[in-house]
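Remarks on the overall topology
If you want the building blocks of each chain, they are given just below.
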Amino acid sequence: MFSSRVHLLNICQQKKGNIAGFIWDKISLSAVTFRKMSSFNQEFKERFFRGAASGEIDDVRLYIKGNVDLNERNERGWTALMFAARNGHLHVVRELVQHGCDTSVINSTGQTALDIALFWNHGDVARHLQAGQRYLHPDDNFRNYFSLNTLNRCSDKRKDRGWLANKINDANTRFVVFRNLEVLATKLPKSSSMYRYELGKIEMKPIETILACNPVTIFLGLVQENRQVPLTFKEPALFAVDLSTMSEEDVRALSPGSELLPGYPAAMQLLPAEAGIFAEARSMLAWHDRYQFCPTCGSSTRLEEGGYKRECANLECRSHKGVHNTCYPRTDPSAIMLVVSPDDKRCLLGRSQRFPAKMYSCLAGFMEPGETLEDAVRREVEEESGVIVDRVEYHSSQPWPFPASLMLGCIAHATTETVKIDETELEDARWFNRPEVVQMLTRQHPQGLFVPPEQAVAHQIIKTWVRRTANL
Ligand SMILES: NC(=O)C1=CN([C@@H]2O[C@H](COP(=O)(O)OP(=O)(O)OC[C@H]3O[C@@H](n4cnc5c(N)ncnc54)[C@H](O)[C@@H]3O)[C@@H](O)[C@H]2O)C=CC1
Ligand SMILES: [Mg+2]
Ligand SMILES: [Mg+2]
Ligand SMILES: [Mg+2]
Ligand SMILES: [Zn+2]
């Protein structure tokens, strides 16, 4: 922090008489005290905010060049990006986003810069902010982590053994490598964000001999950069391969400088654009690992259809008649819900013993057969907290590849408030008001309480509810 202030001073010195002249006149290097440094910083910050609010791009650029935190907030949690968005200064917004300003920051009343631009009808700014948001797919709106998969799965091609064999041998094909369900990943050279790894994608040559031994290999899909352009089926293919028979050292040697990321939470550092590919691959490999024998007759099973089917070796087995779902990959749907109070002013968050200390989250539970999503939400909330839920609102879904859940995110509207927790499942559950939840989202809670990070659908549901009050 101190060095960045000095850097700022140096820049101001260069610009003396120009942009920062008004501040510079008040300070001489020989008389710099910490107090003056602080007030200098404060004044400079205010000028940055004023510049953003009034569209004075030169003032904003001075701060950008100062290599300081562009997400600096004022006492109401407003950032320069929010000020620029408030007044519709697209050129300032563009420059700030280009220099890495975080578009997901929320202010103390729960709004992002995008909310502010939408509220004040600055459509051009809103479009720009939307395009810069993480997890956005070109043809979609909001995306949860683990859901962005740019591969075309080409399910109809999986049955064509000849086509698949050719694809495995194609020079453009790459393999995502796993060992004991840990994925091979490479650290990105610039890793300032929490997304610091990309998937290691290996050519066939170095794993040719091991592929000849038929390890579990899954056809993940073809790389389709643009969904508007029809596939030619000549696009590069991506496969996942289980190299658990190799030593950890040998697997890591396939890609210099790579690491094997153990499952959760380490894998949440993968680039969001690749997290969906990881989710597909890991869930599929976990299924093969658990279904080596037929659940109907106990005979051994073999991999078919690019890994998307396991067929029983016993030709008399009932699984060969009609559609037998044990032959296909399984997904366990789970409900995850933010329960909101009858007056909509508070929400119910709980913590189980296995959560990190001080983390609170949405309640969640596995759906049961013959149950609607809405009823699963009502049942789990009542079981775990004693609270009665009436209306259930769907939010979004998230594949959760540990091993193969699909989280169905909801907002559940409670009709009662008395909490009686199920102590076998929860350690605590209580109502939190909006300002407190904002503090938990932004890690500014006085007791250090926090909610899961942005990769979790729970975080996104909580953020949606917090953002609903327009107080701009
Ligand atoms: N991201 C988040 O904030 C949170 C996510 N979750 C996730 O939600 C999912 C469900 O939540 P829970 O509270 O664990 O469920 P839950 O409330 O239904 O209780 C879990 C128990 O349900 C039983 N169960 C029923 N079906 C199951 C299945 N298909 N697989 C495993 N156990 C099953 C087991 O006895 C297990 O101990 C889990 O995958 C969990 O990781 C849970 C809480 C917070
Ligand atoms: Mg639960
Ligand atoms: Mg439960
Ligand atoms: Mg349950
Ligand atoms: Zn069988």
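Residues numbered from 1 in each chain as written. Chains lettered and ligands numbered in written order. Predicted model: local features only at pLDDT ≥ 70, side-chain atom pairs only at ≥ 80, totals over all residues. Heavy atoms only, no water.

1. A word on the UniProt feature "repeat: ANK" (unreviewed entry) in the chain
The criterion, for reference: UniProt positions are given in the numbering used here, feature names are shortened, and annotations may be inferred rather than shown by experiment. Comment: elements are numbered from the N terminus, with helices defined as DSSP H or I runs of at least four residues and strands as E runs of at least two.
According to UniProt, the "repeat: ANK" (unreviewed entry) feature falls on residues 76-108. Taken as a whole, residues 76-108 contains 48% helix and 0% strand, while its terminal C-alpha atoms sit 6 Å from one another.

2. Re the layout of surface pockets
Using a probe with the size of a water molecule, rolled over the atoms, empty space left in the structure can be pinpointed. Selection criterion: For cavity detection a 1 Å grid was placed over the protein atoms alone, and a set of points counts as a cavity when a 1.4 Å probe fits there but cannot get out; an open set counts as a pocket when protein lies on both sides within 12 Å along at least five of seven lines, with lining residues being those that have an atom within 4 Å of a point. Grid points are joined across faces, edges and corners, and a volume is the space filled by probe spheres set on the points. When residue character is reported, Ala, Val, Leu, Ile, Met, Phe, Trp, Tyr, Cys and Pro are called nonpolar, Asp, Glu, Lys and Arg charged, and the others, Gly included, polar.
Considered as a void within the structure, the second largest pocket measures approximately 710 Å³ in volume. Lining the second largest pocket are 29 residues, and of these Arg354, Phe355, Ala364, Trp400 and Met407 sit closest to its centre. Mapped onto the lining of the second largest pocket, the elements with two or more residues apiece are β11 (332-340), β12 (346-351), β13 (363-366), β14 (389-400), β15 (405-414) and α15 (457-467). Here the lining of the second largest pocket gets 4 residues from one element, more than from any other, and that element is β13. Among the residues making up the lining of the second largest pocket, the classes are represented as 18 nonpolar, 7 polar and 4 charged.

3. Here's the deal with the pairing of strand β7 (residues 237-242)
Convention followed: Exposure categories follow from relative accessible area, calculated using a 1.4 Å probe and restricted to protein chains: below 20% of the type maximum is buried, above 50% is exposed, and the middle band is partly exposed. For two strands to be treated as a pair, DSSP must find no fewer than two bridges joining them.
Within β7, 5 of the 6 residues are buried, leaving the element largely enclosed by the surrounding structure. Pairing of strand β6 (residues 217-223) with β7 involves 5 bridges; the strand directions are antiparallel. In the strand pairing of β7, Leu222 is matched with Ala237.

4. Quick look at the site of ligand 1
Going by this rule: When we say a residue is near a molecule or strand, we mean one of its heavy atoms is within 4 Å of it. Polar contact criterion, stated in full: a pair of N or O atoms within 3.5 Å, where within protein one must be able to donate a hydrogen and the other to accept it, and residues adjacent in sequence count only if both atoms are side-chain atoms. Computed by Shrake-Rupley with a 1.4 Å probe, the accessible areas treat only the displayed protein chains as cover when residues are assessed.
By nearness alone, 17 residues border ligand 1, and Ser361, Ala364, Phe366, Glu384 and Glu425 come closest of all. Between Ala364 and ligand 1, the recorded distance is 3.1 Å, taken from a backbone N or O atom to an oxygen atom. One nitrogen or oxygen atom from the main chain of Phe366 is found 3.0 Å from an oxygen atom belonging to ligand 1. Protein burial of ligand 1: of its 830 Å² of free accessible surface, 61% is covered by the chains. Secondary structure elements with two or more residues in the shell around ligand 1: β11, β13, α13 (373-385) and β15. Its residues assigned to classes, the shell around ligand 1 shows 8 nonpolar, 4 polar and 5 charged.

5. Observations concerning the packing of helix α4 (residues 57-65) against helix α6 (residues 90-98)
Put simply, the test is: Fitted lines through C-alpha atoms serve as axes, helices being fitted only where they are in contact, and the angles separating the N-to-C directions of these axes extend from 0 to 180 degrees. In these notes the angle categories are as follows: under 35 degrees is roughly parallel, over 145 is roughly antiparallel, 65 to 115 is roughly perpendicular, and the rest is oblique. We call two residues contacting when some pair of their heavy atoms lies within 4.5 Å.
Two elements in contact, α4 and α6, have axes separated by 10 Å at closest approach and are oriented at 10°. Considering their axes alone, α4 and α6 lie roughly parallel with respect to each other. Residues Ile57, Val60, Arg61 and Ile64 of α4 form the contact with α6, whose own contacting residues are His91, Val92, Glu95 and Leu96. Here the residues of the contact of α4 with α6 are counted per class, giving 5 nonpolar, 1 polar and 2 charged.

6. Some details on the coordination of the magnesium ion (ligand 2)
The condition is simple: Atoms are scored as donors when they are N, O or S and lie within 2.8 Å of the metal, with 3.2 Å used for Na, K and Ca; no water is included, so coordination may look incomplete.
Listed as protein donors to the magnesium ion (ligand 2) are Ala364 (O), Glu384 (OE) and Glu425 (OE); their distances from the metal cover 1.9 to 2.2 Å. Site description for the magnesium ion (ligand 2): donor spacing in sequence, A-x19-E-x40-E. A spacing of 3.2 Å is found between the magnesium ion (ligand 2) and the magnesium ion (ligand 3), which share Glu384 as a donor. Linking Ala364 in strand β13 with Glu384 in helix α13, this pair joins segments that are 20 residues apart in sequence. With a relative accessible area of 25%, Ala364 lands in the partly exposed category.

7. Looking at empty space enclosed by the protein
Across all of its chains, the model carries 2 cavities of 30 Å³ or more by this definition. A volume near 70 Å³ is recorded for the largest cavity. Along the walls of the largest cavity sit Trp287, Tyr291, Phe293, Cys294, Pro295, Thr301, Arg310, Glu311, Cys312, Ser319, Thr326 and Cys327, which together make up its complete lining. Here the lining of the largest cavity takes 3 residues from strand β10 (residues 309-312), the largest share from any one element. Class assignment for the residues of the lining of the largest cavity results in 7 nonpolar, 3 polar and 2 charged.

8. Focus on the environment of Val216
Within the element layout of this structure, Val216 appears in the loop between α10 (208-211) and β6. Spatially, the C-alpha atom of Val216 lies 9.7 Å from that of Ser244, the residues being 28 residues apart in sequence. In contact with Val216, other than residues within four places in its own chain, are Ala240, Val241, Asp242, Leu285, His288 and Leu303.

9. Thoughts on the pattern of salt bridges
Rule in force here: Salt bridges are counted wherever a side-chain nitrogen of Lys or Arg sits within 4 Å of a carboxyl oxygen of Asp or Glu.
Counted under the stated rule, the structure contains 22 salt bridges. Put simply, Arg61 and Glu95 hold a salt bridge, and the shortest N to O gap is 2.6 Å. In this pair, Arg61 sits in helix α4 while Glu95 sits in helix α6, placing the two residues 34 residues apart along the sequence. Owing to a relative accessible area of 33%, Arg61 belongs among the partly exposed residues under this scheme. What makes Glu95 buried here is its relative accessible area of 14%. The salt bridge involving Lys201 is made with Glu274; its shortest N-O contact spans 2.6 Å.

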